[in-house]
Amino acid sequence: MSGLVTVEEARRSVLSSCRPLGPVQVPLSDALGLVTARPIVSGEAVPPFTNSSMDGYALRAGDVAVAPTRLRVVGVLMAGDDPSGMVVGEGEAVRIMTGAAVPEGADAVCMVEHTRAQGGWVLVEEAVGPGTNVRRPGEDIAAGDEVFAAGESLGPAHIGVLASLGVARVEVFPRPRVGVVSTGDELVAGAGRLAPGKIRDSNRPGLLARLRTDGFEPVDLGWVGDEGEALADVLVNAARTCDAVISSGGVSVGDRDMVKSVLDELGGQQARWWQVAVRPGKPFAFSTLPPRSTPVFGLPGNPVSTLVSYELFARPAVRLMAGHHSLERPRLPALAASDMRRQPDGRLHLVRVTVKAGPRGLEAWPSGGQGSHQLRALAAANGLAFLPDGEGVTAGEQVDVWVLDVDRLSP
Ligand code: AMP
Ligand code: MG
């Protein structure tokens, strides 16, 4: 299959070839960012017992309906103390700390700020209604509650909730292991001297970092020259050890561009190659490889194209494999803070933009040079602006953006 297709068509085709990975049990400490594969039902209540939400005095609300009132202090309960045997009788109070169990007989807690200690007595200066400053068992979570549905992405608060329930292991979709290989005779890895005609490999470190940021497990597959057999070896191996593979470079129509032919050879009927109606990121190859139908994304080599193409195709597909339901970033309306003009060419243009949250909502402007080799403007950007085919937008008009880094929205 070939020819000019829309981003949506190519993405639909890719997604239809990907499946969520088989669920696994992981310790709670490894579950951050993973997606639940089945509902989680609580086996216990949180809080587990009636406890005080304030430092103060546990008492009987009926005793202090008229304030001020003096009560006899019959004990002290710290957080963690066993309250068994302690009883608050009529005209009595127990000194109590936040989180300590409310003793038998008491039905309210008066804040210490509204009391005055007087030897073995306490003067309660304010009336307190029944239930005041008392947290009931199960007020957060009752035993038997479905706390999280299947398909929930586990964030820090989720991890806290599961810890509060004593959950030690969770059934989740595993973190996809994604291999990354660079192709190109011109590439040099690392910091050595650059021989004439050579450049440094920036795509592989950039993609590995991107994968980590997105919550996947990056696997460095190294670098191969523009030579089909070496690439085929790497891909055949990676198809067994990784859940997905990303290559960059060698996917266009140059004489040495061999990714397409290698994927044709290894993937057979599954291999696809498109000219996508988008800029940057036009050439794109995809196949699944035996024995496990491992998806392989053949991304273009220009550094900006690589990362944009990753956003368009690889990221949503790997999210699907990780069990996520929301695959794409939300497209948010922003105000163009400067002109973003373009020529009609039948393609969607994705402009590297700085997006800031201002008084009028989101505002966006180009972050620098827009050549697909100018990676610095992508580093300076925290978003991509969508300019559909046409003349672009002028300052003050609306433009849709993907925010790539929410933390950099602050002015
Ligand atoms: P290609 O898609 O192989 O034709 O490469 C397009 C452009 O991207 C060429 O200028 C390559 O030198 C450059 N390029 C390819 N791979 C990399 C890489 N891993 N790091 C930096 N630049 C690259
Ligand atoms: Mg190349």
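What comes next is a walk through the structure.

About the thresholds
- Residues numbered from 1 in each chain as written.
- Chains lettered and ligands numbered in written order.
- Predicted model: local features only at pLDDT ≥ 70, side-chain atom pairs only at ≥ 80, totals over all residues.
- Heavy atoms only, no water.
- Pairing = 2+ DSSP bridges.
- Helix = DSSP H or I, 4+ residues; strand = E, 2+ residues; numbered from the N terminus.
- Near = heavy atom within 4 Å.
- Polar contact = N/O pair within 3.5 Å; in protein donor to acceptor, adjacent residues only side chain to side chain.
- Areas by Shrake-Rupley, 256 points an atom, 1.4 Å probe, with all protein chains shown as cover.
- Nonpolar A, V, L, I, M, F, W, Y, C, P; charged D, E, K, R; others polar.
- Phe/Tyr/Trp six-rings, centres within 6.5 Å; stacked < 30°, edge-to-face > 60°.
- Buried < 20%, exposed > 50% of the residue type's maximum accessible area, 1.4 Å probe, protein only.
- Lys NZ or Arg CZ within 6 Å of the ring centre and 35° of its normal.
- Axes fitted to C-alpha atoms, helices over the stretch in contact; angles between N-to-C directions.
- Parallel < 35°, antiparallel > 145°, perpendicular 65-115°, else oblique.
- Left-handed = near helix turned anticlockwise from the far one by under 90°.
- Contact = heavy atoms within 4.5 Å.
- Salt bridge = Lys/Arg side-chain N within 4 Å of Asp/Glu carboxyl O.

1. Notes on the sheet that holds strand β3 (residues 35–36)
Next, step 1: Spatial strand order, β2-β14-β3: 3 strands in an open sheet with antiparallel pairing. Since the sheet does not close on itself, it has two edges, and those belong to β2 (24–27) and β3, each with one partner.
Next, step 2: Across 2 bridges, the pairing between β3 and strand β14 (residues 169–173) is antiparallel. Across the sheet, residue Val 35 finds its bridge partner in β14, namely Phe 173.

2. Digging into the pairing of strand β7 (residues 69–77)
Next, step 1: As defined by bridge partners, β7 adjoins strand β11 (residues 121–124) across 4 bridges and the pair is classed as antiparallel. Bridging from a neighbouring strand, Thr 69 pairs with Val 124 of β11.

3. Here we look at the site of ligand 1
Next, step 1: Around ligand 1, the structure places 16 residues, and the nearest of them are Glu 186, Asp 201, Ser 202, Gly 250 and Gly 301.
Next, step 2: Measuring from a nitrogen atom of ligand 1, one finds a side-chain N or O atom of Asp 201 at 2.8 Å.
Next, step 3: Starting from 490 Å² of accessible surface for ligand 1 in isolation, the protein chains cover 77%.
Next, step 4: For the shell around ligand 1, the elements supplying multiple residues, two or more each, are β15 (177–183) and β17 (199–200).
Next, step 5: Taken together, the residues of the shell around ligand 1 sort by class into 3 nonpolar, 9 polar and 4 charged.

4. Some details on the packing of aromatic side chains
Next, step 1: Enumeration according to the criterion identifies 4 aromatic pairs in this entry.
Next, step 2: The interplanar angle of 85° and the centroid separation of 5.1 Å between the aromatic rings of Phe 386 and Trp 402 together place this pair among those described as edge-to-face. Separated by 16 residues along the polypeptide, Phe 386 in strand β28 (residues 383–387) and Trp 402 in strand β30 (residues 398–403) bring together distant segments of the chain.
Next, step 3: Residue Trp 402 is classed as buried on the basis of its relative accessible area of 3%.
Next, step 4: Taken together through their ring pairs, the aromatic side chains of Trp 274, Phe 284 and Phe 313 make up a single cluster.
Next, step 5: Here the basic side chain of Lys 260 rests over the ring of Trp 273, its NZ or CZ set 5.4 Å away from the ring centre.
Next, step 6: Above the face of the Phe 386 ring, Arg 331 is positioned so that its terminal group lies 3.9 Å from the ring centre.

5. Digging into the packing of helix α4 (residues 228–241) against helix α5 (residues 259–267)
Helix packing geometry: the angle between the two helix axes and the distance between the axes.
Next, step 1: Two elements in contact, α4 and α5, have axes whose closest approach is 10 Å; the angle formed by their N-to-C orientations is 50°. Compared by their axis directions, α4 and α5 come out oblique. Crossing of α4 against α5: the hand is right-handed. Residues Gly 228, Leu 231, Ala 232, Leu 235 and Val 236 of α4 form the contact with α5, whose participating residues are Val 259, Val 262, Leu 263 and Leu 266.
Next, step 2: Looking at side-chain class alone, the contact of α4 with α5 contains 8 nonpolar, 1 polar and no charged residues.

6. Considering unusual backbone geometry
Next, step 1: For the peptide bond that leads from Ala 67 to Pro 68, omega is -5°, which places it in the cis range.
Next, step 2: By secondary structure assignment, the location of Pro 68 is in the loop between β6 (56–59) and β7.
Next, step 3: The backbone phi angle of Asn 133 is positive, close to 60°, even though this residue is not glycine.
Next, step 4: Of note in the backbone geometry, Ser 293 takes a positive phi value of approximately 55° without being a glycine.

7. Topic: the pattern of salt bridges
Next, step 1: Counted by the stated rule, this structure contains 19 salt bridges.
Next, step 2: Between Glu 328 and Arg 11 there is a salt bridge whose closest N-O contact spans 3.1 Å. Here Arg 11 lies in helix α1 (residues 7–15) and Glu 328 lies in the loop between α6 (303–321) and β24 (332–336), a separation of 317 residues in the sequence.
Next, step 3: With a relative accessible area of 40%, Glu 328 lands in the partly exposed category.
Next, step 4: Among the ionic pairs, Arg 342 bridges to Asp 345, the shortest N-O distance being 2.8 Å.
Next, step 5: For Asp 345, a relative accessible area of 32% translates into the label partly exposed.
Next, step 6: A single network of salt bridges, built from pairs that share partners, joins Arg 210, Asp 214, Glu 311, Arg 315 and Arg 329.

8. Quick look at the sheet that holds strand β10 (residues 115–118)
Pairing between the strands of a sheet comes from backbone hydrogen bonds, and it takes one of two forms, parallel or antiparallel.
Next, step 1: Strand order in the open sheet formed by 6 strands is β9-β6-β8-β7-β11-β10, and the pairing between neighbours is mixed. Lying at the two open borders of the sheet, with one neighbouring strand each, are β9 (108–111) and β10. Going across the sheet, the axis of each strand differs from the next one's by a mean of 40°, ignoring polarity.
Next, step 2: Where β7 lies against strand β8 (residues 92–96), 4 bridges are found, and the strand directions are parallel.

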